[in-house]
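Descriptive structure summary
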Amino acid sequence: MAIHSCGYFNPASSEKAEAFDVFVQNLALIRHHEEDILECGDYFFCQLPFAYCSWPYISGDGPLCLGYLLLGWRDGIFREVCPACNSDCLVTSFAGSPLSGSNSWAGYCCACETKQYGKGSIHGPFYQKTKYVIDLKKQYPETFSRWVEYDSVEFSFSGTGLKPARKKQLETVELFNAVSLKELVAELATSKMRQRNSPKSNL
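Small disclaimer: the values here were computed from a predicted structure and weren't measured. (Residues numbered from 1 in each chain as written. Predicted model: local features only at pLDDT ≥ 70, side-chain atom pairs only at ≥ 80, totals over all residues. Heavy atoms only, no water.)

What to know about helix 5 (residues 66–75)
Put simply, the test is: Any residue under 20% of the maximum accessible area for its type is buried, any over 50% is exposed, and the rest in between are partly exposed; the area is computed with a 1.4 Å probe on protein chains only. The helix and strand labels rest on DSSP assignments: H or I over at least four residues marks a helix, E over at least two residues marks a strand, and numbering proceeds from the N terminus.
In terms of burial, helix 5 is largely enclosed, as eight of its ten residues are buried. Residues of helix 5 that are buried include every one of L66, G67, Y68, L69, L70, L71, G72 and W73, and no others. Immediately downstream of helix 5, the backbone of G76 shows phi near 90°, a positive value.

Section: the state of the cysteines
Throughout this description, disulfide means a covalent bond between two cysteine sulfur atoms. Short version of the rule: By convention in this document, the label disulfide applies to cysteine sulfur atom pairs within 2.5 Å.
The final tally for this structure, using the stated rule, is zero disulfides. Here C46 is not disulfide-linked; the sulfur of C65 is the nearest cysteine sulfur, at 8.5 Å. According to the relative accessible area criterion, C46 is buried, its value standing at 0%. There is no disulfide at C110, and the cysteine sulfur nearest it, in C109, is 6.7 Å away.

Details of the layout of surface pockets
Which entries qualify depends on this criterion: Here a cavity denotes a set of grid points, spaced 1 Å apart and computed over the protein atoms alone, in which a 1.4 Å probe fits but from which it cannot get out, and a pocket denotes an open set meeting protein on both sides within 12 Å along at least five of seven lines; residues with an atom within 4 Å of a point are reported as lining. Grid points are joined across faces, edges and corners, and a volume is the space filled by probe spheres set on the points. For this classification, the nonpolar set comprises Ala, Val, Leu, Ile, Met, Phe, Trp, Tyr, Cys and Pro, the charged set comprises Asp, Glu, Lys and Arg, and every other residue, Gly included, is treated as polar.
If you add up the space inside the largest pocket, you get close to 220 Å³. Around the largest pocket sit 16 residues that line it, and K16, Y52, S93, A106 and Y117 are the ones nearest its centre. Along the lines of polarity and charge, the residues of the lining of the largest pocket split into ten nonpolar, four polar and two charged. F45, P63, Y68, K137 and E142 are, among the eleven residues lining the second largest pocket, the residues nearest its centre. Considered class by class, the residues forming the lining of the second largest pocket number seven nonpolar, two polar and two charged.

Overview of the pairing of strand 4 (residues 88–96)
Filter applied, for reference: In this description, strands pair whenever DSSP reports at least two bridges between them.
Most of strand 4 sits out of view: seven of its nine residues are buried. Bridge analysis of strand 1 (residues 52–54) against strand 4 gives three bridges, and the strand direction is parallel. For S54, the partnering residue across the bridge sits in strand 4 and is A95. Between strand 3 (residues 79–81) and strand 4, which pair antiparallel in sequence order, lie six residues; one of them, N86, sits at a positive phi of approximately 65°. Where strand 4 folds back onto strand 5 (residues 103–109) in an antiparallel hairpin, the turn is made up of six residues, including G101, whose phi is positive at roughly 85°.

Some points on the packing of helix 1 (residues 14–25) against helix 7 (residues 181–190)
Convention followed: Angles shown run from 0 to 180 degrees and are taken between the N-to-C directions of axes, each axis being a line fitted to C-alpha atoms and, for helices, limited to the stretch in contact. Roughly parallel means an angle under 35 degrees; roughly antiparallel, over 145; roughly perpendicular, 65 to 115; everything else is oblique. The sense of a crossing depends on the near helix, which, turned anticlockwise from the far helix by less than a right angle, makes the crossing left-handed and, turned clockwise, makes it right-handed. Should any heavy atoms of two residues lie within 4.5 Å, those residues are considered in contact.
Look at helix 1 against helix 7: their axes get within 10 Å of each other, and the N-to-C directions meet at 15°. When the interaxial angle is binned, helix 1 and helix 7 end up roughly parallel. Here helix 1 and helix 7 pass one another in a crossing that is left-handed. Residues E18, A19, V22 and F23 of helix 1 pack against L181, K182 and V185 of helix 7. Split by residue class, the contact of helix 1 with helix 7 holds five nonpolar, no polar and two charged.

A short note on the nonpolar core
Where we set the bar: Buried Ala, Val, Leu, Ile, Met, Phe, Trp, Tyr and Cys residues that are joined via side-chain atoms within 4.5 Å together make up what is termed a nonpolar core.
Counting residues in each nonpolar core, the largest one holds 48 residues, and the members touching the most others are F78, F94 and L181. Of the residues forming this core, the biggest block, six residues, is contributed by helix 5. If near-sequence neighbours (up to four positions away) are discounted, F78 is found in contact with L64, Y68, L69, G72, W73, C89, L90, V91, F94, Y132 and V133.

Quick word on the pattern of salt bridges
Using the following cut-off: One side-chain nitrogen of Lys or Arg within 4 Å of one carboxyl oxygen of Asp or Glu is enough to make a salt bridge.
Applying the stated criterion to the full structure yields nine salt bridges. E34 is paired through a salt bridge with R74; the nearest N and O atoms lie 2.7 Å apart. Taken together, the residues span a long stretch of sequence, with E34 in helix 3 (residues 34–38) and R74 in helix 5 at a distance of 40 residues. By relative accessible area, E34 is classed as buried at 18%.

Points about the confidence of the model for the chain
For residues with low pLDDT, the predicted coordinates do not support detailed interpretation. What counts is decided by this rule: Each residue carries a pLDDT score, the predictor's confidence in it, ranging from 0 to 100.
Of all residues in the chain, 84% have pLDDT values of 70 or greater, and the mean over the chain is 88. Mean pLDDT per element in the chain: strand 7 (residues 143–155) is the minimum at 61, and helix 5 is the maximum at 98.

Topic: the environment of E142
Test applied: Throughout this description, a polar contact denotes any pair of N or O atoms lying within 3.5 Å of each other; where both atoms belong to protein, one of them has to be capable of donating a hydrogen while the other can accept it, and for residues adjacent in sequence the pair is counted only when both atoms sit in side chains.
Within the secondary structure, E142 sits in the loop between helix 6 (127–139) and strand 7. For the pair E142 and C65, spaced 77 residues apart in sequence, the C-alpha separation works out to 9.7 Å. Here Q47 takes part through its side chain, which lies 3.5 Å from a polar atom of the side chain of E142.

Put into structure tokens, the structure is as follows:
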């Protein structure tokens, strides 16, 4: 596991704000099709520009795909109490320190129908969230890496100075053709959904 001193940074952008609007406008539709999304890798790994987690010191933070959010909401660890009305808030991003435990989150309250923010969590200590995400990424991998051999040459002190050689390079392979949020909404709305291809690892 790599060590890094800074957490994942997700800057504000118009794309991020637009995607969040599309998301909340279609949240009921998405939640209605929860099982369809969780059983189809192309839907599961739909990327949401506003959804991420961030922490320093250990790897595993970064963007949160739609499937991770749905599982986190289902398991309750991506839910917080709404600061405005004390209803259930669906967390879409969070950040904190595994060492100090200080943390913050952002999410959407279905009762208030507003974006909400909070500091601290009903789920403590904070490292429970980091462990949850790291475990999710092991159970539901989006890519896998493999060593690929290829023909090349290497220096030789005899002859021409070059000789044929087999070398290796690490290749990352995408396991699914993840759809965009707009594609997801369009397909769910028309019920013309893709064939199920479970995103869960068989390892």
